[in-house]
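Residue-level listing of the chains:
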Amino acid sequence: MSYSCAMLQELRKEQGLTQEQLALKCGTTKTYISRIENNASDIRLSTLMRIIHEGLGGHLKFKVDIL
């Protein structure tokens, strides 16, 4: 999930949000956002979706190609 960690930090910064502001918007803590961004904590898909939707105003889409 390290890609999602870097992506979250980049999106947060693009929107001019601090970790604390993002945490407040999506109902979590600054510490948890920091741990995710620093790849120090695993993140559940449902939590990632909530942070992106509620905190950043986006939608998460996945694409799976099976060869």
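Conventions used here
- Residues numbered from 1 in each chain as written.
- Predicted model: local features only at pLDDT ≥ 70, side-chain atom pairs only at ≥ 80, totals over all residues.
- Heavy atoms only, no water.
- Helix = DSSP H or I, 4+ residues; strand = E, 2+ residues; numbered from the N terminus.
- Rg over C-alpha atoms; globule rule 2.2 N^0.38 Å.
- Buried < 20%, exposed > 50% of the residue type's maximum accessible area, 1.4 Å probe, protein only.
- Contact = heavy atoms within 4.5 Å.
- Areas by Shrake-Rupley, 256 points an atom, 1.4 Å probe, with all protein chains shown as cover.
- Lys, Arg positive; Asp, Glu negative; His and termini not counted.
- Charge placed at Lys NZ, Arg CZ, Asp CG, Glu CD.

Novice: What is the right way to look at the overall build of the protein in this model?
Specialist: On a plain count of helices and strands, the protein comes out with four helices and zero strands. Listed N to C, the secondary structure of the protein is α-α-α-α in terms of helices and strands. Relative to a compact globule of 67 residues, whose C-alpha radius of gyration would be 11 Å, the protein shows 12 Å and is just as compact. The dimensions of the protein, computed from C-alpha atoms along their principal axes, are 40 × 25 × 20 Å. When the 67 residues of the protein are sorted by exposure, 33% land in the buried category. Considering only intrachain contacts with a sequence separation of at least 6, the fraction spanning at least 24 residues in the protein is 49%. Taken as a whole, the protein presents about 4,800 Å² of accessible surface, with 52% of it coming from carbon and sulfur. A gap of 3 Å separates the mean positions of the 9 positive and 7 negative side-chain charges of the protein.

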